Amino acid sequence: METPLVPATVTRMMLGSGMFSVNAYLIRTGLGFVLVDTGTRGQQATLEKRLAEEGCTPGSLRLILITHGDVDHIGNAAYLRRMFEAPIAMNERDVRMASDGDMFAGRQSPGWVARILLPLIARLPEKNHFEPDVPVDEASDLSEYGLPGARILSLGGHSAGSIALLLDDGSLFCGDVLENRKVPKLGSIMDDVVTAQASVDRLKTLNVGTVYPGHGKPFEMAELG
Ligand SMILES: [Zn+2]
């Protein structure tokens with residue numbers, strides 16, 4: 001059967017508040033839903049409520065797509081996979097962040113203070129660890145999940161396996177490569193600034209319209225300085 005050609009619509013689900021707020025995005029497609037990122041585990045109840053409000057049910061959630069392996073984006077992925085029986089997709093270079101809860105996996109060596117303090121603040125408990133089901137990279141085709149024409153972009157810098165989802169209408173789900181807490185800009189925490197800047201330079205050559213960042217409000221790519 002042909003995939004019905006229905007334009008994707010996007011719902012922003014802001015989880016948490018202030019400094020700790022993070023976005024998950026629910027994309028409604030002709031085949032059901034694709035969820036981009038899952039918030040931190042403390043935000044599970046809000047996320048579940050928002051999904052229910054949008055009519056996202058087990059059976060209609062086709063894919064959980066993770067932009068990168070940080071705890072504020074993968075916190076509820078294992079839980080949602082159990083509840084919705086939906087596969088989890090992420091890039092293999094960030095897998096150890098999810099399977100071992102090691103947020104430094106694949107990253108440049110952080111200072112000892114960060115190495116000791118960060119895991120205490122932002123640890124992913126073992127029951128939330130997971131191995132993804134669908135490895136995604138630039139060659140991935142997401143037609144079977146209702147997103148024909150969508151592309152996965154490998155945009156390293158924040159983490160080695162950071163990816164973005166670019167829909168055929170120019171909507172870009174960029175994880176933490178770009179943010180818009182106050183103004184649209186390069187994400188404030190970068191592991192490799194040179195690679196991150198190259199990622200943004202590349203984005204400027206693509207047909208990007210609305211950007212849906214991991215933190216802050218959606219914005220138009222043209223607003224990026
Ligand atoms: Zn984040």
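Note: the structure precedes this text.
Residues numbered from 1 in each chain as written. Predicted model: local features only at pLDDT ≥ 70, side-chain atom pairs only at ≥ 80, totals over all residues. Heavy atoms only, no water.

A look at the sheet that holds strand E8 (residues 163–166)
Step number 1: On the basis of which strands lie adjacent, the open sheet formed by five strands has the order E7-E8-E9-E12-E13 and mixed pairing. The sheet is open, and its two edges are formed by strand E7 (151–154) and strand E13 (219–220), each paired on a single side.
Step number 2: Relative to E8, E7 runs antiparallel, the two sharing four bridges. Looking at the pairing, Arg151 lines up with Leu166 of E8. (Pairing = 2+ DSSP bridges. Helix = DSSP H or I, 4+ residues; strand = E, 2+ residues; numbered from the N terminus.)

Things to note about the side chain of Asp191
Step number 1: Mapped onto the elements, Asp191 comes out in the loop between strand E11 (185–186) and helix H6 (193–204).
Step number 2: Of the side chains with opposite charge, Arg107 lies nearest to the buried Asp191, which makes no salt bridge, at 4.8 Å. (Buried < 20%, exposed > 50% of the residue type's maximum accessible area, 1.4 Å probe, protein only. Lys, Arg positive; Asp, Glu negative; His and termini not counted. Salt bridge = Lys/Arg side-chain N within 4 Å of Asp/Glu carboxyl O.)

Topic: the pattern of salt bridges
Step number 1: All chains considered together, the criterion is met by nine salt bridges.
Step number 2: A salt bridge links Glu53 to Arg50; the shortest N-O distance between them is 2.9 Å. Of this pair, Glu53 and Arg50 both sit in helix H1 (residues 44–53), separated by three residues, roughly a single helical turn.
Step number 3: The residue Arg50 makes a salt bridge to Glu54 at a minimum N-O spacing of 3.6 Å.
Step number 4: Within this structure, Lys49, Arg50, Glu53 and Glu54 form a network of salt bridges that share partners.

Describing the environment of Asn91
Step number 1: Mapped onto the elements, Asn91 comes out in the loop between strand E5 (88–90) and helix H4 (95–99).
Step number 2: Along the backbone, Asn91 and Ile163 are 72 residues apart, and their C-alpha atoms lie at a distance of 7.1 Å.
Step number 3: Here Arg93 takes part through its backbone nitrogen, which lies 3.0 Å from a polar atom of the side chain of Asn91. (Polar contact = N/O pair within 3.5 Å; in protein donor to acceptor, adjacent residues only side chain to side chain.)

Description of the nonpolar core
Step number 1: If you look at the biggest cluster of nonpolar residues, it comprises 27 residues, and the most contacted ones within it are Leu26, Leu51, Leu61, Leu80 and Phe130.
Step number 2: Looking at this core element by element, the count peaks at five residues for helix H3 (residues 77–84).
Step number 3: Discounting residues that sit within four places of it in the chain, Leu61 has contacts with Leu26, Phe33, Val34, Leu35, Cys56, Phe84 and Ala86.
Step number 4: Judged by nonpolar contacts, the second largest core, of 19 residues, contains Val136, Leu142, Ile163 and Phe173. (Core = buried A, V, L, I, M, F, W, Y, C linked by side-chain atoms within 4.5 Å. Contact = heavy atoms within 4.5 Å.)

Looking at the pairing of strand E3 (residues 32–36)
Step number 1: The buried count for E3 comes to five of five residues, which makes it a mostly enclosed element.
Step number 2: Here five bridges tie strand E2 (residues 22–29) to E3, and the two strands are oriented antiparallel to one another. Considered in E3, the bridge of Leu26 is made with Leu35.
Step number 3: Where E3 meets strand E4 (residues 61–65), four bridges bridge the pair, whose relative direction is parallel. Opposite Phe33, over in E4, you have Leu61 as the bridge partner.
Step number 4: A crossover connection joins E3 to the parallel E4 through H1; in handedness this β-α-β unit is right-handed. (Right-handed = clockwise from strand over helix to strand, strands pointing away.)

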